[in-house]
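Fold and contact review
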Amino acid sequence: MNKIRKILFPTDFSDTAQNAFRYCLRIADAYTADIELLHVIYPEYQGMDIPIMATKAMQDKAEAAKVVLQEFVDNGLAQVQAGYQFNDVPAINSTVEIGGAATIIADVAERDEVDLVIMGTRDTHSAFEKTFGSVTTSVIERVPCPVLVIPEEAELKEIDIIAYATELEESEPYHIWKASQMLEPFHPILRIVHVGKNQTSIEKMNDLEDFFTQNAPALQVTFHNVEGNSVTDRLEEFSETYDVDVMIMYAPHHNFWQRIFQQSTTRKMALQTKIPVLFYRSSEE
């Protein structure tokens, strides 16, 4: 995986976003990365028959947003610096774009070749969002890079223990290794967890453990099979039991119909997580 040099942080100026921005600043400092702060304005239209953009109104909104963006940055820096000493305060570039939030975020991430997206997510979601996805889940499914989701109630702290939720696919050793490389600046303990404790999963987990014992003996890693019918509930319980700071989940791209009909574990975790979750995607995918 390439070094994290540029982080995209979309904000709607909410308390949820402000909390996530504190994480973003600390993480950018660990990577010595730049931050691209993005606010998206939904376009206004005039008339019922001919959708003509209200140019003057949009320009006024964009100018006002730039002022609020600076206040947002100043507040975030002040809050973090109250209890943390930066190695080097991250360079922050603020931009305002017009369009649909998820589409613009994905377009900017690809256009500007960002290495990581960090964004906040709310605890409560409508029935529509649970069925069709929120802005956060849409971004996870569209962007070409990893996405770190910070729930609104997550408390800012050091990243010491990371859990990787595995489905025990054949490619899993590679993805775990790449994800561990990405998180190397934090020197965390890595706990590999699989929900399912049948004989096949136990054997696969043993094979996975043997692989890392032989190929990455210096990696601080443990392996866990846990029983349960609800993957998301068991992962939440595992996180509480082992005081996990960040959960990693592999998030392969889905096509349109898969996004509509497949209620994936990654989507459910994005909607209900209580701890930060890194939805990892390989750059080779």
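In short, a report on the structure.

Cut-offs used in this document
Residues numbered from 1 in each chain as written. Predicted model: local features only at pLDDT ≥ 70, side-chain atom pairs only at ≥ 80, totals over all residues. Heavy atoms only, no water. Helix = DSSP H or I, 4+ residues; strand = E, 2+ residues; numbered from the N terminus. Buried < 20%, exposed > 50% of the residue type's maximum accessible area, 1.4 Å probe, protein only. Areas by Shrake-Rupley, 256 points an atom, 1.4 Å probe, with all protein chains shown as cover. Contact = heavy atoms within 4.5 Å. Phe/Tyr/Trp six-rings, centres within 6.5 Å; stacked < 30°, edge-to-face > 60°. Salt bridge = Lys/Arg side-chain N within 4 Å of Asp/Glu carboxyl O. Expected span 1.5 Å × (residues − 1). Core = buried A, V, L, I, M, F, W, Y, C linked by side-chain atoms within 4.5 Å. Axes fitted to C-alpha atoms, helices over the stretch in contact; angles between N-to-C directions. Left-handed = near helix turned anticlockwise from the far one by under 90°. Nonpolar A, V, L, I, M, F, W, Y, C, P; charged D, E, K, R; others polar.

**Comments concerning the overall build of the protein**
What the protein contains, in helices and strands, is ten helices and twelve strands. Taking all 285 residues of the protein together, the buried fraction comes to 50%. Per element, the accessible surface of the protein, about 14,600 Å² overall, is 49% carbon and sulfur.

**What about the environment of Ile159?**
Assignment of secondary structure puts Ile159 in the loop between strand E7 (147-151) and strand E8 (161-165). Owing to a relative accessible area of 9%, Ile159 belongs among the buried residues under this scheme. Here the alpha-carbon distance between Ile159 and Leu183, two residues 24 residues apart in the chain, equals 9.3 Å. Here Ile159 is in contact with Ile27, Phe186, Pro188, Asp245 and Val246, once residues within four sequence places are set aside.

**What about the packing of aromatic side chains?**
If you walk through the whole model with that rule in mind, you get eleven aromatic pairs. With centroids separated by 5.0 Å and ring planes inclined at 40°, the aromatic side chains of Phe21 and Phe72 adopt a geometry described as tilted. Placement of the pair is Phe21 in helix H1 (residues 15-31) and Phe72 in helix H2 (residues 55-81), with a sequence separation of 51 residues. The residues Phe21 and Phe72 share a single accessibility class, namely buried. Ring centres of Tyr84 and Phe86 lie 5.4 Å apart, and the angle between their planes is 90°; this geometry places the pair in the edge-to-face category.

**Points about the pattern of salt bridges**
For the structure on display, the rule yields seven salt bridges. Between Arg111 and Asp112 there is a salt bridge, with the nearest N and O atoms lying 2.8 Å from each other. Through salt bridges with shared partners, one network takes in Glu97, Arg111 and Asp112.

**Notes on H1**
Taking 1.5 Å per residue as the helical rise, H1 with its 17 residues ought to reach 24 Å, and the 25 Å between its terminal C-alpha atoms agrees with that figure. By the criterion of burial, H1 is predominantly enclosed, with 14 of the 17 residues buried.

**So, the side chain of Asn225**
Structurally, Asn225 can be placed in strand E10 (residues 221-226). If sequence neighbours within four positions are ignored, Asn225 has contacts with His194, Gly196, Lys197, Ser201, Ile202 and Met205.

**Quick look at the nonpolar core**
In terms of nonpolar packing, the biggest core is built from 52 residues, with Ile7, Phe9, Phe21, Ile27, Leu116, Ile118 and Ile192 touching the most fellow members. Sorting elements by how many residues they give to this core places H1 first, with nine residues. Setting aside anything within four residues of it in sequence, one finds Phe21 in contact with Phe9, Ile35, Leu37, Phe72, Val73, Gly76 and Ile92. Core analysis: the second largest hydrophobic core is formed by 33 residues, Ile105, Ala109, Ile140 and Met249 among them.

**A closer look at unusual backbone geometry**
Trans peptide bonds make up the majority, and among non-glycine residues the majority have a negative phi. Of note, Thr32 is a non-glycine position whose phi angle comes to about 55°, a positive value. Structurally, Thr32 can be placed in the loop between H1 and strand E2 (34-41). Take Thr32: its relative accessible area is 61%, and that puts it in the exposed class.

**Some thoughts on the packing of H1 against H2**
The contact between H1 and H2 brings their axes to 9 Å, and the two run at 65°. In this structure, H1 meets H2 at a crossing whose hand is right-handed. Residues Ala17, Gln18, Phe21, Arg22, Leu25 and Arg26 of H1 touch H2, and the partners they reach there are Phe72, Val73, Asn75, Gly76, Leu77, Gln79 and Val80. Residues of the contact of H1 with H2, tallied by class, amount to seven nonpolar, four polar and two charged.

**Focus: the packing of helix H3 (residues 101-111) against helix H5 (residues 135-142)**
At a minimum axis separation of 9 Å, H3 and H5 run at an interaxial angle of 30°. Judged by the twist between their axes, the crossing of H3 over H5 is right-handed. Packed against H3, whose contacting residues are Ala101, Ala102, Thr103, Ile105 and Ala106, the element H5 presents Val135, Ser138, Val139 and Arg142 at the interface.

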